[in-house]
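Observations on chain architecture
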Amino acid sequence: MAAVRCIDVCKTYLQGNQEIRALDHLSIEIEAGGFVCLSSPSGGGKTTLLNAIGGLDRPDSGEVWIEDQRIDTMGKSELADLRLRKIGFVFQAYNLIPVLTARENVEFVMQVQGRKAAERRERSTELLEEVGLAGLEDRRPAQMSGGQQQRVAVARAIVSRPTLVLADEPTANLDSKTSDGLMDLFEELNTKHETTFVIATHDQRVMAHVPRLVRMLDGRIVDDIEQHAA
Amino acid sequence: MNLVVRLAWRNLWRQPRRTWLTIGAITFSNILLVFMMSLQFGMYNLMIDNSLQAFTGHMQVQAPGFVDDHRMRQTVPDVAGLAQSLRESLTLDTVAARAQAFVLASSEERSYGVAVIGVEPQFERNVSSIPGLVGEGRFFDDRDAAEIVVGSVLARNLRVGLGDELTILGSGLDGSFAAAVLTVVGIIDSGIPDLDRTLAEIPLGLFQEVFSMRGAGHQIVINAANIDLAPELQLRVEHLLAGNADVVVQEWDRLQPGLRQAIQADMSSSFFMYGVLTILVAFSVLNTQLMSVLERTREFGIVMALGLKPGRLGRLVMLETAIMGGVGGILGALAGSAITWYFSANGFQIPGMEEMAAQFNLPARMYPQVSRLSVSLGPGIVLAFSLLAAAYPALRLHWLRPVEAMRAA
Amino acid sequence: MNTLRVLLMLAWRNLWRNHRRTFIMLAAISVGVWAMIFMTALTQGMVNDMVNDGISALPGHVQVHHPAYRDDPNVNNLIATPDTEISARFGAAGFRQWASRVKVPAVIASEREARGVTLLGIDPDRERGLTFIVDDRVEGRFLDGVSDTGIVIGRKLANTLETDVGKRVVIMSQDPNNDIAERGFRVAGVFDANMPSFEENYVFAGKQTVQKLLKIGQRVTEIVVLGDDYRDVDGLYRKVEELVDEDVIVNRWFELDTYLGTMLRVMDGFVLVWVVVIFLALSFGLVNTLVMAVFERVREIGLMMALGMKPSSIRGQILIESMLLLVIGLAIGNVLAVASIEPLRSGIDLSIVAEGMAMMGAASVLYPQLRMEDVVLANVVVLILGFFASLSPAWRASRLEPIEAITRVD
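Structure report, in brief. (Residues numbered from 1 in each chain as written. Chains lettered and ligands numbered in written order. Predicted model: local features only at pLDDT ≥ 70, side-chain atom pairs only at ≥ 80, totals over all residues.)

To continue, consider the overall build of chain C. Along its length, chain C carries 15 helices and 12 strands. Relative to the compact-globule value of 22 Å for 410 residues, chain C shows a C-alpha radius of gyration of 31 Å, a clear excess of over 25%. C-alpha atoms of chain C, sized along the principal axes, occupy 100 × 45 × 30 Å. (Helix = DSSP H or I, 4+ residues; strand = E, 2+ residues; numbered from the N terminus. Rg over C-alpha atoms; globule rule 2.2 N^0.38 Å.)

Below is the structure:
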């Protein structure tokens, strides 16, 4: 069974008086355990696709499936539940809840899921260590650098073992060294936990990294290539 | 429009919801203040008028000390003559002489202690509403007739009706035995419980004869055209009576001290309430303006770096506040007046209030009056406190350092 | 349960993010709540004094009369049951306090002056706690028994009559045949009372002395009974009704003094109106604060939704934040109110407007009365209305679209 399936998806936006076709009869299938990079110039539709897959945005037509569930027809609460249990998100910026510490941010999803305190603590400690933030557990977002914040966000995205992680320009605000480290982390998690990764980016270094690269233009897939990591 | 004004206006509408909520708080308080004050001022005037019109009048000429003790021998000599000369000197016919004594009044079945008042039939109606409130029968016209009018409750208690005889028994000015048999010719239905229960009036001439007064009486009631003119009239009366050691002029306030004090007590509790409302509005304004200043820290930093002085920015903040206060004031005054105006036409009644109203000589249904004072006082004070509240955020700007401010998120 | 804990923590931390705004709002709520309770305590204190003074003049919580007496308080409208029989029945009933009296209108005269008064023939031993007369406020002495031949009058009346302790006065009233009943009394005592009108209007003599004067044998005009709480006299009323014969009427105090009865009801209503008005004035600030809080946090609310928090939890978070704000404000307001009322317990002197207060039927020293019911009422009203006022901002927050929230750039 595919982790993600989009069938003939369309989405149109109004920008001022201009209609923008963000997704134009797009279909794509991503296998479980895949590591896919979506790339397009600005406005090419990659973020829209990512949001549609994550249930943050509803397409005008077509179907979106996560595993065996069709999500484009779900209600808000159902979608929230789906995201809570199956999907981890990493956004471009503003990833963390400002009033919570690094650890609390990581534990947030588990807490909402209703996991026990001991389990939460164990997993958050483990993951913060894995992303290299041991010792910074009690800092609030404002006391951390952009790279550190992004790593907290990654830890949070995968802490509850989602089957699918969606990342939107995760490296956009990072320097090259930090961004390489982040991608290494993604790869490691992908192989270790068989988590499916979908990353939207126009960062060349990221694109070079991934096994499958999907290029988009004007809401359509123009290129879909399997490549081997350099 | 001036640039600063335009700037202030636009700034307000950057957060329309917040601005409206703040204006809402101001308007709400203003509506309440305008309506309450209109009702209150109207009520006070009515209380004074109703209480004084019935009997007391605006001022009285009395023997010194009479106001406290009401003793029989604290008399004004030749009271009718003095009243007549005052009428002539003042060219005013709202002057009337009275005398009063305490008697035991007996009908065939009942006896009660009452205060009988001797009045001048032809002048009493100029100073008192009682002669006009005869419900049954008539008021007497003859100075010397052996006739009496009594309050409706007293009549019921004495079990007398029109035409029945009433014996009064007391002592005269000289301590002699005073008695008379009088015919009930009128029954007063004033609606003021105190009067209806106690009132008994007889002609002054008869009174002076029965109680061996030798022309003396106890008071001369004088009314001005309205209560506001009373102090001035009192000065004229005092001037006319200067040198007459037998008499003093007492103003209404002294004659019915409870009245002004009841008003004062009521006012102080009302003003406590108004004060609390105003303070709450001030907090609302302080909250809004402090937030709006904090949000704009960066922006203010930039314009200050460009050379604008903190004082001018402070004035901008004050101007924004003034606009909110002004809009809230106008809306509040309009809505408050509209509500007041509606009730001034239709009357305003709190269920169950009749008994309380009667205690203060008020009708159960109140008609609040819109006046310039009641409409402007509340909104004016609220505006002043709003500006005061905005002073803190405005002054904070003086501590703002442009470089740090520009770095603020 | 877990979610609730998260929400509580988020709400609490968010509350202190913008501490200036929170402090201003807390100050406003505290002042508002303080004013609600303080004003209510003053009002209740005034009403309480008025009722108690009124009851001590009336006196009593429940009274028994001849059915015609109220309209015509005359010596002819006597209670048919003889006083000895009344004593036997009421004495055995175990009331907190009761007395039978003769109460008729009369004229009192000195050599100089005469005035109309209410003459009360009493049993001084039964009256303790029932009348406004307190022993230590009597110059001379109070009556020493039902057959005392002295009379006790008020200070103001004594001044008007130019009489004093030891001097003679004459009492005139009527007997059942409408013959003048007249008798000289020596002034045994002069009393001071809270209310000037009491000093002018009431004179006291021995019950038997008055019965003899009025030629009414063993009969009385009224029986008064005092219970424990003037707000709850129904039980007492029923008990008295069972004790008396058919030919009398039993009344509760608020039926006898309708002004006081209305006053009590109007003031209870006023308390509620006042609490609601203050709340409304506060609600603008409260809603404003919440709206701003939601507005500032659009992105993180979106984020939380993207992470899988349900709209209902977002709503809950804002509501909890609002409730926390209100609860803290209420706590401070309550403490302020109690702290400001406590030092005033010994009474607030209002003697500068004494006669005005008298016109309202109140004494010139005001004892604020902090009643649990009123405090609870204020708190409950604020919490309930506060909850409803917070619904709209909370609803707005839960309706945010995560996508718009996240992608918004500024």
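From this point, things continue past the structure.
Quick look at the interface of chain C and chain B now. Taken together, the contact pairs 53 residues of chain C with 50 residues of chain B. Secondary-structure elements contributing two or more residues to the side of chain C that touches chain B are helix H2 (19-57), strand E2 (97-109), strand E3 (114-122), helix H5 (155-161), strand E6 (168-174), helix H10 (258-296) and helix H13 (354-360) of chain C. The biggest single contributor to the side of chain C that touches chain B is H10(C), with 18 residues. (Contact = placed C-beta atoms within 7 Å.)

Here we come to the interface of chain C and chain A. Taken residue by residue, the interface counts 21 residues in chain C and 20 residues in chain A. Mapped onto the side of chain C that touches chain A, the elements with two or more residues apiece are helix H1 (2-15), helix H11 (298-306) and helix H15 (402-407) of chain C. Classifying every residue of the side of chain C that touches chain A gives 12 nonpolar, four polar and five charged. (Nonpolar A, V, L, I, M, F, W, Y, C, P; charged D, E, K, R; others polar.)

Moving on to the packing of helix H12 (residues 311-341) of chain C against helix H14 (residues 372-398) of chain C. Residue and element names in this part refer to chain C. Running from N to C, H12 and H14 cross one another at 150°; their axes reach a closest spacing of 8 Å. In terms of orientation, H12 and H14 fall into the roughly antiparallel class. The hand of the H12/H14 crossing is right-handed. On H14, the residues touching Pro311, Ser312, Ile314, Arg315, Ile318, Leu319, Ser322, Met323, Leu326, Leu330 and Asn334 of H12 are Val375, Asn379, Val382, Leu383, Gly386, Phe387, Ser390, Pro393, Ala394, Trp395, Ala397 and Ser398. In the contact of H12 with H14, the residues fall into 15 nonpolar, seven polar and one charged. (Axes fitted to C-alpha atoms, helices over the stretch in contact; angles between N-to-C directions. Parallel < 35°, antiparallel > 145°, perpendicular 65-115°, else oblique. Left-handed = near helix turned anticlockwise from the far one by under 90°.)

Relative to the helices and strands, Asn288(C) resides in helix H10. The spacing of Asn288(C) and Pro393(C) is 105 residues in sequence and 8.9 Å in space, taken between C-alpha atoms.

What follows concerns the arrangement of the chains. The chain pair with the greatest number of contacts, out of two pairs of chains in contact, is formed by chains B and C. These two, chain A and chain B, are apart from each other, with no contact and a minimum C-alpha gap of 12 Å.

Note on sheets: strands pair through backbone hydrogen bonds, and any given pair is parallel or antiparallel. Residue and element names in this part refer to chain A. One open sheet accounts for four strands, arranged E2-E1-E4-E5; its pairing is antiparallel. Lying at the two open borders of the sheet, with one neighbouring strand each, are strand E2 (18-31) and strand E5 (69-70). Across two bridges, the pairing between strand E4 (residues 61-66) and E5 is antiparallel. When the sheet's bridge partners are listed, Trp65 is paired in E5 with Arg70. Sheet strands touched by helix H1 (residues 46-53): strand E1 (2-15), E2 and E4. Its angle to E2, the strand with the most contacts, is close to 60°. (Pairing = 2+ DSSP bridges.)

Further remarks concern the sheet that holds strand E10 (residues 220-226) of chain A. Residue and element names in this part refer to chain A. Read across the open sheet, the six strands follow the order E6-E7-E8-E3-E9-E10; overall the sheet is mixed. Every other strand in the sheet has two partners, leaving strand E6 (87-90) and E10 as the edge strands with one partner each. Direction aside, neighbouring strands of the sheet carry axes that sit 15° apart on average. Here strand E9 (residues 212-217) pairs with E10 via six bridges, running antiparallel. Across the sheet, residue Met216 finds its bridge partner in E10, namely Ile221. In the packing of helix H5 (residues 146-159) onto the sheet, contacts are made with E6 and strand E7 (164-168), and the angle to E6 comes to roughly 170°.

Before going further, it helps to examine the pairing of strand E7 (residues 177-188) of chain B. The side chains of a regular strand alternate, first on one face of the sheet and then on the other. Residue and element names in this part refer to chain B. Two strands pair when backbone bridges link them, and strand E4 (residues 134-137) and E7 are joined in this way by three bridges, in the antiparallel orientation. Bridging across to E7, Gly137 finds its partner in Gly186. With five bridges joining them, strand E5 (residues 147-151) and E7 adopt parallel strand pairing. Note that in E7 the partner of Val150 across the bridge is Ile187. What sits between strand E6 (residues 165-171) and E7 in their antiparallel hairpin is a turn of five residues, with Gly175 showing a positive phi close to 90°.

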